[in-house]
Amino acid sequence: MALKLACAVLLMCMVMGAPIAQAAVTCGQVTSSLQACIPCVTGPGGGAVPPACCSGIKSLNSAATTTPDRQSVCNCLKTAAGSIRNLNLNLASGLPRQCGVNIPYQISPSVDCSRVR
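A quick note: this is a predicted structure, and the numbers were derived from the prediction, not measured. (Residues numbered from 1 in each chain as written. Predicted model: local features only at pLDDT ≥ 70, side-chain atom pairs only at ≥ 80, totals over all residues. Heavy atoms only, no water.)

**What to know about the state of the cysteines**
A disulfide bridge is the covalent bond that connects two cysteines by way of their sulfur atoms.
1) Next: Inspection of the entire model under this criterion finds four disulfides.
2) Next: Through a disulfide, cysteine 27 is tied to cysteine 76; the S-S separation comes to 1.9 Å. On the sign convention where negative is left-handed, the bridge of cysteine 27 and cysteine 76, at about -85° about the S-S bond, is left-handed. Of the two residues, cysteine 27 sits in helix α2 (residues 27-34) while cysteine 76 sits in helix α5 (residues 67-83), which places them 49 residues apart along the sequence.
3) Next: Residue pairing for cysteine 54: its cysteine sulfur links by disulfide to cysteine 99, the two sulfurs lying 2.0 Å apart. Linking cysteine 54 and cysteine 99, the disulfide has an S-S dihedral of approximately -75° and is accordingly described as left-handed. Here cysteine 54 is found in helix α4 (residues 51-63), whereas its partner cysteine 99 is found in the segment after α6 (89-98), with 45 residues between them in sequence. Like cysteine 54, the residue cysteine 99 is buried in the burial classification. (Disulfide = S-S within 2.5 Å. Helix = DSSP H or I, 4+ residues; strand = E, 2+ residues; numbered from the N terminus. Buried < 20%, exposed > 50% of the residue type's maximum accessible area, 1.4 Å probe, protein only.)

Here's what the structure looks like:
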């Protein structure tokens, strides 16, 4: 009985003392990394994606190494999408693929970022 109680107390201490995961990628980083992509997703489309846009997408993808990072980027993208006038979501969702980057979620205002892993 004492062993069970000791194990339960130890388990609770481990859970309570575990560090809470926090995202290292900020919305400021997301915005600055993707600034060069704005003309690509607000215009008529069809043109080549500027190298600076792909560079930003690749660096952002490399920076988002943990689940909290990817969820943070996802939430920042959703917020930013709401503030970009004349945003073409079809063009926006195709940018990562055009730059040779695979992301684990669809770029969409309806994506549930809490499910991104």
